[in-house]
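Report on the structure
If you want the building blocks of each chain, they are given just below.
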Amino acid sequence: MTIADSSSDPTAAYIGFTGEVGRIMSTSTPAWTQPPAAPDGAPNVLIVLVDDLGYSDVGCFGSEIETPHVDRLAAEGIRYANFHVNPMCSPTRASLLTGLNHHLAGVGTVCNMQPGFPGYSASIRHDALTMGEVLGGAGWTSLMVGKWHLCPDSETTEAGPRTGWPLQNGFDRFYGILEGMTNFHQPHRLYEDNHALDIDNYPEDYYFTDDLTERALTMVSEVRSGHPTKPWFLYFSHGAVHAPLQAKPVDLQKYRGRYEAGWDEVRRQRFERQKQLGLFGDDVVLPQRNTEENYAVRAWDELSPMEQELFARYQELYAAMVDNVDQNLGSLREGLEAMGEWENTVVVFTSDNGASREGLDNGTSAYFRTLVSQTRPNPMDSVELDYSRMELLGGPQTLPHYPSGWAMVSGTPFRLYKINTHQGGHQVPFIISKGGGLPGGGTIRHQYQHVTDLLPTLLNLAGVDMPSTKHGRPVPPPAGASFAASLDNPDVAGTHPEQYYEQMGHRGFYRDGWSAVTCRQPLTPFSEERWELHHLISDPTESEDLADEYPEKLAELVAAWEQAAWTNQVFPLDEGNYINYLYRPPWDSEKIVDTVLRPGTPTTDRYRALALINFRSFEVEVALYFEGGDNGTLVAHGDQGGGYALYVVDGRIQLAWNGYGTMIEVDGGSLPPGTTSVVLAIEAAGDLKVHAELRIDGSVAAHHRDLPVITSIAPFQGIDVGIDRRSPVSWSIRERFGTFPWTGQIHHVTYRPGELAPDAGERWLDVLREASTKFE
């Protein structure tokens, strides 16, 4: 009998079983369910996505930076000179993996914002299919290393939920970071598969990008050791070259003195190389230096000698990081060739958006400090201070980013930057190849294509159909189409005739060679913004505004943008008052309560730890029993980018306050034997200042007024009890004592969050809402 026909039989455990069951196994007929199998000879798929890499930053797209491995890939494959992404990192990642426009995918902006609207949910919608799911369901093993940045930062904790993590979105393996950036020498929080790694310290020569390559090769090796032919999909999502700009000493030395000519001259030289390479025709114009309000770049010759020296050093760091990305592509290829895997691998190399201007006009040695400057005047910003730290730049003690002038160079020959909807925000280098090369290797395509076209293209090349349902429900309709035909035929038409753009209020629309675009000025009415009009076929660098000459065409594109925005859940628009940073789900407040942490607890996640102290008064009480001779760390929160710690050195209690790289040490005197309580009390005074008080068994031991508030996304490293892990709060303590574990007895540490600062954004939500009505 068959089990399917005898549901009343107690052996009917597997309904639908089609074999025959006898009394003994040898007379029974088995039936197996075969797992998905890829087509015979199906290729491996490798996507190398670089973070914040500008259009001209690799040699085959015009750069002076040495990228021989990327250039070799281009010589064997095909470059797409007119390839576009979304103007920001999380949105591009969502579109790349799902084939959906980013707002429709639920990721309208970076996942550090969760304002509660459908297009801005900070994670991929649950009814979408990712590339990992599609290929995994078709017989591939899906692997990922690097930067995820596709789940709310409030959900990166071990408490979950993990619904937005890589393994819940189609990947079999993951190693890297869930957030948008990290320290390359001492990563703040690494994850493997579905858990955070508990790491005290890193080897002195550790470097994150190198680590990712080693992990990627190990994953592929493990797949091959488990099955002789099963194809794999590897999503290598770099953290580089996003800030902080940190590099290995050997790579830094290679670029010393290479950028003294300045950004104007380097930009001119890159454009000339681009013409020689065939990326642009001789009639294409290099636009004038960026002059737009809030985005302008000063002439290099107008800078002071100190600024020129410092700013050139920042670009040396960036070049060294790009060089290292290229080295790692070479190492990855060498490893895959040694395993016999490279020849049958489709390879894509591209970037997630245009170059970043987050270093603002002057660059910075302290990235988190300068993020504060994006929202309000910041007296802590200082070129002189950054210059004094110049010899530390690139190493683990600083978190630098370059000035916007170098971002302009990265985007050569386009206008503006990451976040902007002008071409410099979303036109990026793109290379596709396979193993030893493609027919027509080394050639260039000029068809307009978009990141939403990548999923259907790769599925086309892999011989896989895109499913129309997920768990029995229809999936959202795709936004892109395969451009595989243009690999063989350079003259075939592109497959992406129109595309909307929106990022933080900047708007744009492309249709058949025409582009309408705005440059958003925060806190101004959207209805009064000027739309530019450009004919990109004749003017790919947006040098000539044709809005007055072709008003009907402009009106057509503006109307098309409006329709696309409603279709893709783009609204509501970001008016530029930073309210999107302040809106948070109401249940987040459940975490802002008195919190007890005990010795041995792994480092807390960044988001929860920051919520306990951000723009508010707070107390930290260490319950202990101090005996003479005890030394070490009582509590540490943060890292070299900003934080605070309580140390006991030679019996004396010390507050170390790291104000974005500027150390302030407060001596609380000797701890009496028998001490049972040490309290750090912080008063949030407003105006980016706090006052600190140290108490020993209830008595004030020391105080310090007007310490710089630590905010934005700092402290970036979570809270540790009895040890200062990974990147330390105090570098001098690390040099003397290592991670400085506490030698005595700590019972627990209690955090008591208090009142919000007078100027905390949460206090002003109603005012911001009311004021925003005039910006429609």
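Residues numbered from 1 in each chain as written. Predicted model: local features only at pLDDT ≥ 70, side-chain atom pairs only at ≥ 80, totals over all residues. Heavy atoms only, no water.

So, on to the overall build of the protein chain. When helices and strands are tallied, the protein chain shows 19 helices and 30 strands. The C-alpha radius of gyration computed for the protein chain amounts to 28 Å, which stays within 12% of the reference 28 Å derived for 776 residues, consistent with globular compactness. Counting only C-alpha atoms, the protein chain reaches 85 × 80 × 55 Å along its principal axes. At a minimum sequence separation of 6, the contacts of the protein chain that also span at least 24 residues come to 73%. Per element, the accessible surface of the protein chain, about 29,000 Å² overall, is 52% carbon and sulfur. (Helix = DSSP H or I, 4+ residues; strand = E, 2+ residues; numbered from the N terminus. Rg over C-alpha atoms; globule rule 2.2 N^0.38 Å. Contact = heavy atoms within 4.5 Å. Areas by Shrake-Rupley, 256 points an atom, 1.4 Å probe, with all protein chains shown as cover.)

Before going further, it helps to spend a moment on the nonpolar core. Counting 82 residues, the largest nonpolar core has L46, V241, W263, F349 and W406 as the members making the most contacts within it. For this core, the element with the most residues is helix α8 (residues 305–338), which contributes 14 residues. Excluding residues that lie within four positions of it along the chain, W263 makes contacts with V297, R298, A299, W300, L303, F311, P403, G405, W406, M408 and V409. In this structure, Y367, F368, L399 and L671 belong to the second largest nonpolar core, which totals 55 residues. (Core = buried A, V, L, I, M, F, W, Y, C linked by side-chain atoms within 4.5 Å. Buried < 20%, exposed > 50% of the residue type's maximum accessible area, 1.4 Å probe, protein only.)

In this section: the side chain of T711. Position of T711 among the secondary structure elements: in the loop between β28 (699–708) and β29 (719–721). Residues within four places of T711 in sequence aside, it is in contact with V372, N614, F615 and Y660.

This paragraph deals with the packing of helix α5 (residues 208–226) against α8. α8 packs onto α5 with a crossing angle of 20 degrees between their chain directions and a minimal axis gap of 10 Å. The angle between the axes of α5 and α8 places the two elements in the roughly parallel class. At the point where α5 passes α8, the crossing takes the right-handed sense. Of the residues in α8, those in contact with T209, D210, T213, A216, L217 and V220 of α5 are N324, N328, S331, L332, G335 and L336. Of the residues in the contact of α5 with α8, the class split is 5 nonpolar, 6 polar and 1 charged. (Axes fitted to C-alpha atoms, helices over the stretch in contact; angles between N-to-C directions. Parallel < 35°, antiparallel > 145°, perpendicular 65-115°, else oblique. Left-handed = near helix turned anticlockwise from the far one by under 90°. Nonpolar A, V, L, I, M, F, W, Y, C, P; charged D, E, K, R; others polar.)

Turning our eyes to something else, we now look at the pairing of strand β1 (residues 44–50). Among the 7 residues that make up β1, 7 are buried, leaving the element largely enclosed by the rest of the structure. The two faces of β1 match: N44, L46, V48 and V50 on one face and V45, I47 and L49 on the other face are all buried. Strand direction decides the pairing type here: β1 and strand β9 (residues 345–351), joined by 7 bridges, are parallel. The partner of I47 across the bridge, within β9, is V348. (Pairing = 2+ DSSP bridges.)

Here the focus is the confidence of the model for the protein chain. Here the protein chain averages 94 in pLDDT, and 97% of its residues register 70 or above. A low-confidence stretch, residues 1–8 (pLDDT under 50), is modelled with 19 contacts involving residues beyond four sequence positions or located in other chains. (pLDDT = per-residue confidence, 0-100.)

Moving on, we come to the state of the cysteines. By the definition in use, this model includes 0 disulfides. C89 takes part in no disulfide bond, and the closest cysteine sulfur, belonging to C111, lies 8.2 Å away. With a relative accessible area of 2%, C89 lands in the buried category. (Disulfide = S-S within 2.5 Å.)

Once that is clear, we can look at the packing of aromatic side chains. What the rule picks out here adds up to 37 aromatic pairs. Between F83 and F483 the ring centres are 6.4 Å apart and the planes differ by 65 degrees, which places this aromatic pair in the edge-to-face class. One end of the pair, F83, is in strand β3 (residues 83–84); the other, F483, is in the loop between β15 (473–474) and α14 (485–488), and 400 residues separate them in sequence. For the pair formed by F83 and F483, the shared burial category is buried. Here the aromatic residues Y259, W263, W300, F311, Y314 and W406 are joined through ring pairs into a cluster of three or more. Cation over ring: R215 sits above Y175, and NZ or CZ is 4.0 Å from the ring centre. (Phe/Tyr/Trp six-rings, centres within 6.5 Å; stacked < 30°, edge-to-face > 60°. Lys NZ or Arg CZ within 6 Å of the ring centre and 35° of its normal.)

We now examine the pairing of strand β22 (residues 632–639). Burial of β22 is extensive: 8 of the 8 residues sit out of reach of the surface. Following β22, the chain reverses through 2 residues before pairing antiparallel with strand β23 (residues 642–649). Both β22 and β29 contribute to a ladder of 3 bridges, which runs antiparallel. Across the sheet, H637 pairs through a bridge with I719, a residue of β29.

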